[in-house]
Amino acid sequence: MSGPAPRSRDFERRAYVEIHNPNLQEAMGLAKQGFVGKRASAVAAVPEWEQLRAAGREIKEHTLAHLDWYLERFEAKVRENGGHVHWASTAEEACRIVVDLCRAAGARRVTKGKSMVAEEIGLNEALADAGLERVETDLGEYIIQLADEPPSHIIAPAVHKTKDQVSDLFHRHHRQYGLTERQTEGPALVAEAREVLREKFLTADVGITGANFLVAETGSTVIVTNEGNGDLTNTLPRVHIVTAGIEKVIPTLDDTATILRLLARSATGQEMSVYTTFSTGPRRASDLDGPSEMHVVLIDNGRSQMLGNEFHHMLRCIRCGACMNHCPVYTAVGGHTYGWVYVGPMGSVLTPLMIGIEDSGHLPNACTMNGRCAEVCPMQIPLPDLLRVHRERQHASRLDAPRARMMLRAWAFLARRPALYRRVVDLGARALAMLGRRRGRLRWLPLAGGWTGSRDLPAPQGETFTRAWRAGRRPR
Amino acid sequence: MSDSPQPVGPASDRPRVGLFVTCLVDVFRPNIGFAAVKLLEDAGCRVEVPDLQTCCGQPAYNSGDAADARVLARQVIEAFEGFDYVVGASGSCMGMLHTHYPRLFENDARWRARANALADRCHELLSFLHDVRGVREVRARYDSTVTYHDSCSGLRELGVQRQPRALLASVEGLGLRELEDSNVCCGFGGTFCVKYPAISEKMVTDKANHVIRSGAGTLLGGDLGCLLNMAGRLRRMGSPVRVYHAAEVLAGMTDVPPIGDGEASS
Ligand code: SF4
């Protein structure tokens, strides 16, 4: 489907590297604690949390069931407000529309707010190819732009970096602006980034943002941020372009309020993000500021296909990041290991749909099915079940790992034949017990390196339960 | 097994319970199976162990092989028809029977009905004792501080959390110290632990470190898969923390060496 080139095939090797990368482990350890603890207290403070989740889900389900109607209504409202709507069915088309709009505006410098869909369609590369200077204005995005890395989290793109690494990065890159002192404290680093960015805000020709919601009732696009950078991106330049997936539309402002309550608490544990900005059309005669042109690019890129199958649940996703913050695999390996734009549980569901399962076969499998993601997902998306659907598809098209496939078939063959099964496990239990008799465990076992590489294998007691039970031998 | 405590709670009726042994308990730790039998009998149940049970089919199911999972599910459903209850000492296997069997037969009305009938009657052991049989105390003694790991399927699919703690609180000599991140996966995940050993190792190492930091002398849990994983890692790290299934402690059946220890090392 295009967008940035996937590196998900490399998942296993990358996981190994990141698990042994002390910077990544330090950064993820801190992030995990912060996100999980803050969300828990924020949710505990809302006694009707479960009802709120159900209401949010209901709003999204209703909208998705009438998606074309709400999108058309949204489009009509944007037009009424003096804005423009563009439809893109693929990533390429979306990029082309944005680049053409920039060219038509005679743009050279483009400021950008954080937008995952922009990452998904590969907009950064498209802007660069068109010779446009892109300035990321979200602090996290700015950091990874300097580092020339993709985001590793959907709301905290630079979560994989330690403060020390950021200090180094700023020290190296900000010298050109005469800022030669290496800052080490958070506030000083933020102030320094602000100083560099201020100039760029004032001289940008086009501002590009994503959207957390598209409100059909009013034709507004909504973004939530904590830095206010979004406001400057969508009000200062002459042209404001919004890139948004078609699933972002919801019916009314009231609905927006409901889902906003879920979003901030799930994402950062805040009651509300610091800035919630509604953009409704370009600047009107009576407005003090605002762009003179406003464009909304509505992107499908595979979404309408999901509407009709088991993956429609995923279209409820509000990109809060809770699933990854609570995923023990994500927090162990970091976002870059996933090898594409979307990471963590939601990424492991979405990525195979967007880039193909052939290139991302590890993602749905690298999960213990512990269910913590689904438990915290504000939109009640059954993430583990959706991962299992991917596994079923892989199995059906024989794309699962051949060795695992063989072992499982052998196990199933046995398990279906209780008499044979009994003989085999009685024997196996006794053999393993003999091997591990003295210490009660085995340090090594042929063909079991995946286990014994890092842990001992507790030895069986000897006689199987079933055999002892049938013989009437109960311990006393 | 020392003394035979009186059943506590509403045990006037004597339900017929089919014990779902689970393949791991059958092979690795029969003591858990016998502990389950004792606890169930003490709670007034008549316990039977149907012959035809092997594996619940979860490994196949979670590997995307729904067809094989269905075959094994049918086998279990047939073997356990006619019992008042079906009980197993594993949240993971019982979650499979309870939550996933009905889904496996979504498009097969006849088997779906049978799967639903099984789902309605099947329970994880500790929650069954507490919630269905009303057991509030056991007569057992265990002189150690323990910590408790909440295995994921039991916790999230079956709501097993308060029940083991409530029952353990009645064990004489036992003190519970809560485990940091007790509800975070230990990295077992069935075939996951051998398919992604590096990630699994990282997860179980975090878990083992929490266990060690808790200062408890014993780690308990309700799922043998997770316990094998954690015991194996604790031993490899050289930790002396003992590992038992909660049922073994509740049944007073800790006269066998802990999981992962032999006669020589316990
Ligand atoms: S899947 Fe759920 S938890 Fe994850 S980002 Fe989407 S809405 Fe948030």
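Residues numbered from 1 in each chain as written. Chains lettered and ligands numbered in written order. Predicted model: local features only at pLDDT ≥ 70, side-chain atom pairs only at ≥ 80, totals over all residues. Heavy atoms only, no water.

### Examining the sheet that holds strand S4 (residues 122–124) of chain B
All names here are of chain B. With parallel pairing, four strands are arranged side by side in an open sheet as S2-S1-S3-S4. Each of the sheet's edge strands pairs with one partner strand only, and the pair in question is strand S2 (46–48) and S4. Here the strands of the sheet are splayed against their neighbours by 35° on average, with no regard to which way each runs. Strands in contact with helix H2 (residues 30–42) are strand S1 (16–20), S2 and strand S3 (85–88); relative to S1, the strand with the most contacts, it is inclined by about 165°. (Pairing = 2+ DSSP bridges. Helix = DSSP H or I, 4+ residues; strand = E, 2+ residues; numbered from the N terminus. Axes fitted to C-alpha atoms, helices over the stretch in contact; angles between N-to-C directions. Contact = heavy atoms within 4.5 Å.)

### Considerations on the interface of chain B and chain A
Accessible area lost upon the coming together of the parts serves often as the stated size of an interface. Between chain B and chain A, the residue contacts involve 76 residues of the former and 69 residues of the latter. When the buried surface of chain B facing chain A is broken down by residue, B:Phe34, B:Tyr196 and B:Arg236 rank first, second and third, together holding 12% of it. Scanning the region where chain B abuts chain A turns up 31 residue pairs in polar contact (both at pLDDT 80 or more). Sort the elements by how many residues they give to the side of chain B that touches chain A and helix H11 (residues 197–214) of chain B lands first, with nine residues. (Buried area = accessible area lost by both parts, 1.4 Å probe. Polar contact = N/O pair within 3.5 Å; in protein donor to acceptor, adjacent residues only side chain to side chain.)

### What about helix H16 (residues 344–355) of chain A?
Residue and element names in this part refer to chain A. The end-to-end C-alpha separation of H16 is 16 Å, in line with the 16 Å expected for 12 residues at 1.5 Å each. Burial analysis of H16 places 11 of its 12 residues in the buried class, which makes it a mostly covered element. For H16, the full list of buried residues reads Gly344, Pro345, Met346, Gly347, Ser348, Val349, Leu350, Thr351, Pro352, Met354 and Ile355. On its buried face, H16 sits against helix H6 (116–121), helix H13 (303–307), helix H14 (322–325), helix H15 (328–333), helix H17 (372–376) and helix H18 (383–396). Where H16 terminates, the next one or two residues include Gly356, which has phi positive at roughly 100°. (Expected span 1.5 Å × (residues − 1). Buried < 20%, exposed > 50% of the residue type's maximum accessible area, 1.4 Å probe, protein only.)

### Section: the confidence of the model for chain B
This prediction gives chain B a mean pLDDT of 94; 94% of its residues lie at or above 70. Contacts from residues 1–12 of chain B, a stretch scored under 50 in pLDDT, to residues over four places away or in other chains number 29 contacts. (pLDDT = per-residue confidence, 0-100.)

### With respect to the domain arrangement of chain A
On domain assignment, one finds that chain A holds domain 1 (8–162 + 201–304) and domain 2 (407–473). Taken over C-alpha atoms, the centre of domain 1 of chain A sits 52 Å from the centre of domain 2 of chain A. (Domains from an automatic or database assignment.)

### As for the sheet that holds strand S4 (residues 206–209) of chain A
All names here are of chain A. Here six strands make up an open sheet; going across it, the order is S1-S10-S7-S4-S2-S3 and the pairing parallel. The sheet is open, and its two edges are formed by strand S1 (84–88) and strand S3 (133–136), each paired on a single side. In this sheet, adjacent strand axes meet at a mean angle of 20° when their direction is disregarded. Here S4 runs beside strand S7 (residues 239–245); their pairing, made up of four bridges, is parallel. Counterpart to Val206 in the pairing with S7 is Val239. The strands touched by helix H4 (residues 67–80) within the sheet are S1 and strand S10 (293–299), with S1 carrying the most contacts at an inclination of about 145°.

### Focus on the site of the ligand
If you check the shell around the ligand, you find 14 residues, and the closest are A:Cys317, A:Cys320, A:Gly321, A:Cys323 and A:Cys377. Class assignment of the residues belonging to the shell around the ligand gives a composition of 12 nonpolar, one polar and one charged. (Near = heavy atom within 4 Å. Nonpolar A, V, L, I, M, F, W, Y, C, P; charged D, E, K, R; others polar.)

### Focus: the pattern of salt bridges
Residue and element names in this part refer to chain A. According to the stated counting rule, one finds 52 salt bridges over all chains in the structure shown. For Glu199, the salt bridge goes to Arg109, with nearest N and O atoms at 3.9 Å. Of this pair, Glu199 sits in helix H10 (residues 186–203) while Arg109 sits in strand S2 (residues 109–112), and the two are 90 residues apart along the sequence. Under the relative-accessibility criterion, Arg109 is labelled buried at 17%. (Salt bridge = Lys/Arg side-chain N within 4 Å of Asp/Glu carboxyl O.)

### Looking at the nonpolar core
Residues A:Met314, A:Tyr338, A:Tyr342, A:Met346 and B:Ile199 are the most contacted members of the largest nonpolar core, which totals 87 residues. Listed in part, the 76 residues of the second largest apolar core include A:Ala429, B:Val47, B:Val204 and B:Leu234. (Core = buried A, V, L, I, M, F, W, Y, C linked by side-chain atoms within 4.5 Å.)

### Points about the packing of helix H9 (residues 163–173) of chain A against H10(A)
Residues and elements named next belong to chain A. Where H9 meets H10, the axes come as close as 11 Å, and the angle between the chain directions of the two elements is 35°. Crossing angle aside, the handedness with which H9 passes H10 is left-handed. Taking contact as the criterion, the partners of Lys163, Val166, Ser167 and Phe170 in H9 are, on H10, Gly186, Leu189, Glu192 and Ala193. For the contact of H9 with H10, the residue count by class is four nonpolar, two polar and two charged. (Left-handed = near helix turned anticlockwise from the far one by under 90°.)

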